[in-house]
Amino acid sequence: MERLAARRLTGGMADSILVTGATGKSGRRVVDQLRAQGLPVRAAARGGEHTFDWTDPGTWDAALEGMRSAYIVQLDGTKLVRPFIERAVRHGVRRIVLASGRGIDVPGYAKDSGGVLEGIIDSEAAVRDSGLEWTISRPGWFAQNFSEGFFADAIRTGELRLPAGDGAASFVDAEDIAAVVVAALTEDRHAGQIYEVSGPRAVTLSEAVATISEAAGREIRYVPLSAGEYVAELVAQGVPAPDAEAFADVIEPLREGRDAYVSDGVRRALGRPPRTFAEFAESTAAAGGWPA
Ligand SMILES: NC(=O)c1ccc[n+]([C@@H]2O[C@H](COP(=O)([O-])OP(=O)(O)OC[C@H]3O[C@@H](n4cnc5c(N)ncnc54)[C@H](OP(=O)(O)O)[C@@H]3O)[C@@H](O)[C@H]2O)c1
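Residues numbered from 1 in each chain as written. Predicted model: local features only at pLDDT ≥ 70, side-chain atom pairs only at ≥ 80, totals over all residues. Heavy atoms only, no water.

Colleague: Describe the side chain of E252, naming the residues involved and giving the relevant values.
Modeller: Inspection of the secondary structure puts E252 in helix α10 (residues 241–255). E252 sits in the buried class, given a relative accessible area of 16%. Discounting residues that sit within four places of it in the chain, E252 has contacts with K111 and R258. (Helix = DSSP H or I, 4+ residues; strand = E, 2+ residues; numbered from the N terminus. Buried < 20%, exposed > 50% of the residue type's maximum accessible area, 1.4 Å probe, protein only. Contact = heavy atoms within 4.5 Å.)

Colleague: How would you summarise the side chain of E187 if you had to cite specific residues and measurements?
Modeller: Mapping E187 onto the fold places it in the loop between α7 (174–186) and β9 (193–197). There is a polar contact of 2.8 Å between the side chain of E187 and the side chain of H190. (Polar contact = N/O pair within 3.5 Å; in protein donor to acceptor, adjacent residues only side chain to side chain.)

Colleague: Just give me the short version of the site of the ligand, but keep the residues and values in it.
Modeller: Around the ligand sit 22 residues in total, of which T23, K25, S26, D76 and N145 are the nearest. Within the contact set of the ligand, an oxygen atom lies 2.8 Å away from a backbone nitrogen or oxygen of K25. Between an oxygen atom of the ligand and a main-chain N or O atom of F142, the distance comes to 2.9 Å. Coverage of the ligand by the protein chains reaches 78% of its 900 Å² of free accessible surface. (Near = heavy atom within 4 Å. Areas by Shrake-Rupley, 256 points an atom, 1.4 Å probe, with all protein chains shown as cover.)

Colleague: So, the pattern of salt bridges: which residues are in play, and what are the values?
Modeller: Throughout the structure, instances matching the rule amount to 26 salt bridges. The shortest N-O distance in the salt bridge between R29 and E148 comes to 2.5 Å. Taken together, the positions of R29 in helix α2 (residues 27–36) and E148 in the loop between β6 (133–139) and α6 (152–157) put the pair 119 residues apart, joining distant regions of the chain. The exposure class assigned to R29 is buried, which follows from its relative accessible area of 8%. Taking the shortest distance from any N to any O, the salt bridge between D176 and R272 comes out at 2.8 Å. Of this pair, D176 sits in helix α7 while R272 sits in the loop between α11 (265–270) and α12 (277–286), placing them 96 residues apart in sequence. For D176, a relative accessible area of 0% gives the class buried. (Salt bridge = Lys/Arg side-chain N within 4 Å of Asp/Glu carboxyl O.)

Colleague: Break down the sheet that holds strand β1 (residues 16–20) for me, citing the residues and quoting the values.
Modeller: Taken together, the seven strands give an open sheet; going across it, the order is β3-β2-β1-β4-β5-β6-β9, and neighbouring strands pair in parallel fashion. Both outer strands of the open sheet, β3 (50–51) and β9, are each paired with one neighbouring strand and no more. Packing against the sheet, helix α4 (residues 81–90) makes contact with β1, β4 (67–72) and β5 (95–99), and its axis sits at approximately 170° to β4. Of the strands in this sheet, β1, β4, β5, β6 and β9 are in contact with α7, which crosses β5 at around 160°. (Pairing = 2+ DSSP bridges. Axes fitted to C-alpha atoms, helices over the stretch in contact; angles between N-to-C directions.)

Colleague: Break down the nonpolar core for me, citing the residues and quoting the values.
Modeller: Grouped together as the largest cluster of nonpolar side chains are 30 residues, with contacts concentrated most on F146 and F171. When residues of this core are traced back to their parent elements, those giving at least two are β7 (159–162), α8 (205–216), β11 (221–224), α9 (227–236), α10 and α12. Look past the residues within four positions of F146 in its chain and what remains in contact with it is F151, A152, I155, L160, F171, L205, A208, I212, F277 and W290. Counting 22 residues, the second largest nonpolar core, distinct from the first, contains L64, M67, A88 and W134. (Core = buried A, V, L, I, M, F, W, Y, C linked by side-chain atoms within 4.5 Å.)

Colleague: Just give me the short version of the environment of I120, but keep the residues and values in it.
Modeller: Summarising the element assignment, I120 is placed in helix α5 (residues 116–128). Counting along the chain gives 41 residues from I120 to K79, while the straight-line C-alpha distance between them is 7.7 Å.

Colleague: For the pairing of β7, give the residues involved together with the corresponding values.
Modeller: Burial of the side chains of β7 is restricted to one face: L160 and L162 are buried, whereas none of E159 and R161 on the reverse face is. Relative to β11, β7 is paired through four bridges, and the arrangement is parallel. Within the sheet, the bridge partner assigned to L162 lies in β11 and is P224.

Colleague: Give me the layout of surface pockets: which residues, what numbers.
Modeller: Looking at the largest pocket, its volume works out to about 1,700 Å³. Lining the largest pocket are 47 residues, and of these K25, D76, V116, I120 and F142 lie nearest its centre. Of all elements in the fold, only β2 (41–45), α5 and α10 reach the threshold of two or more residues within the lining of the largest pocket. Grouping the amino acids of the lining of the largest pocket by side-chain chemistry returns 23 nonpolar, 15 polar and nine charged. The space that makes up the second largest pocket amounts to roughly 340 Å³. Lining the second largest pocket are 15 residues, with A154, R161, Y230, L234 and Q237 positioned closest to its centre. Among the elements that take part in the lining of the second largest pocket, β7 stands out by supplying four residues, more than any other. (1 Å grid on protein atoms, 1.4 Å probe; cavity = no way out; pocket = protein on both sides within 12 Å on 5 of 7 lines; lining within 4 Å. Points joined across faces, edges and corners; volume = space filled by probe spheres on them. Nonpolar A, V, L, I, M, F, W, Y, C, P; charged D, E, K, R; others polar.)

Following this line, the structure appears as structure tokens:
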């Protein structure tokens, strides 16, 4: 116990942990899990406890001042992590954990219509070049896309219409993503590790929706569309065509099953298996996360 405590970052502000993206799906949980351990946290986002804006470097120093470690949730489509890390080094930050994504090192994994991959590849390189203790978290599709993200509105309306066919993904619970990040922020043995994190098995879209339907206690349907139908529906709803096509591109790896493989990051970092999709759906129901 004492050894564990000694490995942890405790103490005053100089030992504090900066969490960017602190109001988002992973960052919010990282903040909660760190605070549950009694650790000092600066929760930063545009709308968070501590105001931080990636696009306003004037906010960076106040975020980094006095921090020893940082969880970096980058602004997709930018290359701001590299200058941010340079600034972090000047502030004496010693340890960083980067939110990245699976498939980043696989050419052709996804179409990069929004310039997102290029930015994340640069961020990973900046982290590795930083000279700091670093860990990279590469999650697959978040299970919370159904409850808080991309698919949440459709789940609320009872019909998820996507160009994903019978595609499956090893959806990962953001609680597990956060637990891996917290371990990397607070324990020494994760330096230099890249953790690819997924759920314990592939789940098809139909199965995911049926599992949520059962946990939520109401009927929810999955309706597979062609990519053309999907883009046309979004455009009819007022989404600009390039954005609609970019959304379809994001779904393509799901349709092709490219995110169905299982990764061992949760087990490697935490020594336990990841949570199942059913556990995610049930705990979300218990927290009132599937409103009628
Ligand atoms: N969702 C997935 O399935 C998935 C899978 C693999 C990888 N990823 C990657 O994981 C990362 C996203 O993580 P997440 O899902 O935890 O985030 P998220 O839920 O999308 O939340 C984004 C966070 O970033 C903050 N933010 C947005 N714009 C900002 C700005 N200009 N300055 C400062 N903060 C800003 C938001 O807060 P405010 O709006 O209050 O500023 C929020 O806290 C992305 O890099 C994504 O590519 C996602």
